[in-house]
Amino acid sequence: MTPYRSPLSGPASNLVIALFLVTALLVTPSPAGADSAKPDLDALTRSAWEHFYSLEYDQAIQDFQKVLNARPDDPVAVNHLLDAVLYRELYRYNALDTRLYSKQGFLTSKQVPLTDAAKKQVKELADRAFSLSDKRLKSAPKDAQALYARGTTEGIRATYQVIVEKAYFAGLRSALAARHDHEEVLKLRPDMADAKTVVGAHNFVVGSLTMPVKAMAGIAGIHGDKKKGLDMLAEAGRAGGETNVDARVALALFLRREGQFQEGLNVVHTLVHDYPRNFLFALEEGNLQFDAGKYAESAASFRAVIAHCKENKYPSARVEVAQLYLGDSLRAEGKLQEAYQAYTAASAPASIADIRQRALLSAGEVSDLLARREEALLQYRAAIALDGSSEDADTARKYLDKPYKGR
């Protein structure tokens, strides 16, 4: 299989990367409308989100489906189910790892291999949600709830189009449509803090672009302000609405990219406190410490996550991810033998395929650094055998001929 190569390059690629970051990790659930509120259904929706943010997607889907059965014409209910269905698939294929979005590598990664049935369900739910909200807007153009719901659907579409289909320009159009709708919501309802999540994230990202790219974006009518974006995300995170979690996820990610590691850690701690069973939130503490150069602290954090996995603290843990990142932290500390052991644990046959490949490549590099050449060759060959079309396989092939000497 020939590895995917993005046709995008230069400023256009950077703009797509930037706006994609806004939608890739945001769920942007729709707030329930007061006109359709029922105490029992509202409780069921809250239960569903508790499952969702604990990575218990099957249970979340069951609850959201019950709400939708009771509200078949509510775009909000459709969006909720759509969120859970899509994010279950993305988590299944390890596509929610924030380290994937800290570089441009995801542009050359392969599509997330959703089944035809899953793709069909996502597309049908998105079309249904869009149609329901659009129908309401045709009769009431200033219906803030319908505008918000339509923008939410567009945001979910953008995530699907970029991560699953690798349709970058389609994803860009959907992301911009989501921002436009939510900006209109804020004009109508300035107090609707949930709408600040996507708008704030877009403002930060566009405000962070280089001047040439920002100028190009401005010509296209896309403007941003980095400080305003961070402020809006902080407001949405404090407001307690349905997007408060996603606002905090985006805020922590952007603070991490800005090098404001302690501020990012403070945000992550609130997420871990609120959702102690969420494996991904638990990983973020170690990720932030690693990026801050605090390798010993990050290693301790990843060890704690691994210990909690063994205690079944997380219902949907991917212990091999924590083991891989532990290896990276130990390697950065210069503890090569310990790093090798962590990589070996992460490369167990039951591991996620891409994590196993990355762990085998890393173990091979450490073996080379430890002057264990024959061992390194075995690990490089094993990495290539898992998927010869990936970037990690390309790197492994390079080291078959010439030992790895360090970065």
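Scope of this entry: the structure provided in the associated data block.

Looking now at the overall build of the protein chain. Helices and strands together make up the secondary structure of the protein chain, namely 19 helices and zero strands. The buried share among the 407 residues of the protein chain stands at 55%. The long-range share in the protein chain, meaning contacts at least 24 apart out of those at least 6 apart in sequence, stands at 66%. By element, 54% of the accessible surface of the protein chain is carried by carbon and sulfur atoms, the whole surface being about 17300 Å².

Moving on, we come to the pattern of salt bridges. Applying the stated criterion to the full structure yields 26 salt bridges. A salt bridge links E183 to R179, with the shortest nitrogen-to-oxygen separation between them at 2.9 Å. Note that E183 and R179 are positioned in helix α7 (residues 168-188) at a spacing of four residues, about one turn of the helix. For the salt bridge of D191 with R189, the shortest nitrogen-to-oxygen distance reads 3.1 Å.

Turning our eyes to something else, we now look at helix α11 (residues 244-257). Here α11 contains 14 residues, and its C-alpha end-to-end distance of 20 Å stays within 8% of the 20 Å for a straight helix at 1.5 Å per residue. Burial analysis of α11 places 13 of its 14 residues in the buried class, the great majority of the element. Positive phi appears at G259, one or two residues downstream of α11, with a value of about 80°.

Of note, the phi angle at N94 is positive, near 60°, even though the residue is not glycine. Classification of N94 as buried rests on a relative accessible area of 6%. A positive phi is found at A371, a non-glycine position, where the angle reads about 60°. Considering the arrangement of structural elements, one finds A371 in the loop between α17 (353-369) and α18 (373-386). The exposure class of A371 is exposed, given its relative accessible area of 70%.

Turning our attention to the packing of helix α8 (residues 196-207) against helix α10 (residues 226-239). Helix-helix packing is characterised by the crossing angle of the two axes and by the distance between the axes. The interhelical angle for the contact between α8 and α10, taken along N-to-C directions, is 155°, at an axis separation of 7 Å. Our classification of the angle between α8 and α10 gives roughly antiparallel. For the crossing formed where α8 meets α10, the hand is left-handed. Contacts between α8 and α10 involve K196, T197, V199, G200, A201, N203, F204 and G207 from the former and K226, K228, G229, L230, M232, L233, E235 and A236 from the latter.

Turning our eyes to something else, we now look at helix α19 (residues 391-401). Among the residues of α19, A393, A396 and Y399 are the ones counted as buried. Angularly, the buried residues of α19 cover 120° about the axis, an arc narrow enough to put them on a single face. Facing away from the buried side of α19 by over 90 degrees, the exposed positions are K398 and D401. Contact partners of the buried residues in α19: α17 and α18.

The next subject is the packing of aromatic side chains. Scanning the model with the defined rule gives 15 aromatic pairs in all. Ring geometry for Y399 against Y404: centres 5.2 Å apart, planes inclined by 75°, an arrangement best described as edge-to-face. Each member of the pair Y399 and Y404 is classed as buried. Clustering of aromatic rings is evident, with ring pairs tying together W49, F52, Y53, Y57, F64, Y87, Y91, Y275 and F281. A cation over a ring is seen here: R157 above F130, with NZ or CZ 5.0 Å from the ring centre. Lying across the ring of Y91, R318 places its NZ or CZ 4.2 Å from the centre.

So, on to the environment of I61. Mapped onto the fold, I61 is located in helix α3 (residues 57-70). Separated by 23 residues in sequence, I61 and A84 have C-alpha atoms that sit 5.8 Å apart. Not counting the four nearest positions on each side in its chain, I61 is found in contact with L81, A84, V85 and R88.

This part covers the side chain of D97. Within the secondary structure layout, D97 lies in the loop between α4 (75-92) and α5 (116-139). This buried residue, D97, is left without a salt bridge; R358 holds the nearest opposite charge, at 4.3 Å. When residues no more than four places from it in sequence are discounted, the contact partners of D97 are V321, Y325 and R358.

Our next topic: the nonpolar core. Grouped together as the largest cluster of nonpolar side chains are 67 residues, with contacts concentrated most on F52, L90, F279, L283 and V305. A total of ten residues in this core trace back to one element, the largest contributor, which is α4. Contact partners of F279, with chain neighbours within four places excluded, come to L55, Y91, V305, C309, Y314, S316, A317, R318, V319, V321 and A322. Among the nonpolar cores identified, the runner-up in size contains 18 residues, and A201, L251, L253 and L288 belong to it.

For the pair helix α13 (residues 279-291) and helix α14 (residues 295-310), interaxial distance at closest approach is 7 Å and the crossing angle is 165°. Here α13 lies roughly antiparallel to α14, going by the angle between them. Crossing of α13 over α14 shows left-handed handedness. Every residue of α14 that contacts α13 at F279, A282, L283, E285, G286, N287, Q289 and F290 is listed here: Y295, E297, S298, S301, F302, V305 and C309. Of the residues assigned to the contact of α13 with α14, the class counts are eight nonpolar, five polar and two charged.

What counts and what doesn't
Residues numbered from 1 in each chain as written. Predicted model: local features only at pLDDT ≥ 70, side-chain atom pairs only at ≥ 80, totals over all residues. Heavy atoms only, no water. Helix = DSSP H or I, 4+ residues; strand = E, 2+ residues; numbered from the N terminus. Buried < 20%, exposed > 50% of the residue type's maximum accessible area, 1.4 Å probe, protein only. Contact = heavy atoms within 4.5 Å. Areas by Shrake-Rupley, 256 points an atom, 1.4 Å probe, with all protein chains shown as cover. Salt bridge = Lys/Arg side-chain N within 4 Å of Asp/Glu carboxyl O. Expected span 1.5 Å × (residues − 1). Axes fitted to C-alpha atoms, helices over the stretch in contact; angles between N-to-C directions. Parallel < 35°, antiparallel > 145°, perpendicular 65-115°, else oblique. Left-handed = near helix turned anticlockwise from the far one by under 90°. Arc of directions from axis to C-beta. Phe/Tyr/Trp six-rings, centres within 6.5 Å; stacked < 30°, edge-to-face > 60°. Lys NZ or Arg CZ within 6 Å of the ring centre and 35° of its normal. Lys, Arg positive; Asp, Glu negative; His and termini not counted. Core = buried A, V, L, I, M, F, W, Y, C linked by side-chain atoms within 4.5 Å. Nonpolar A, V, L, I, M, F, W, Y, C, P; charged D, E, K, R; others polar.

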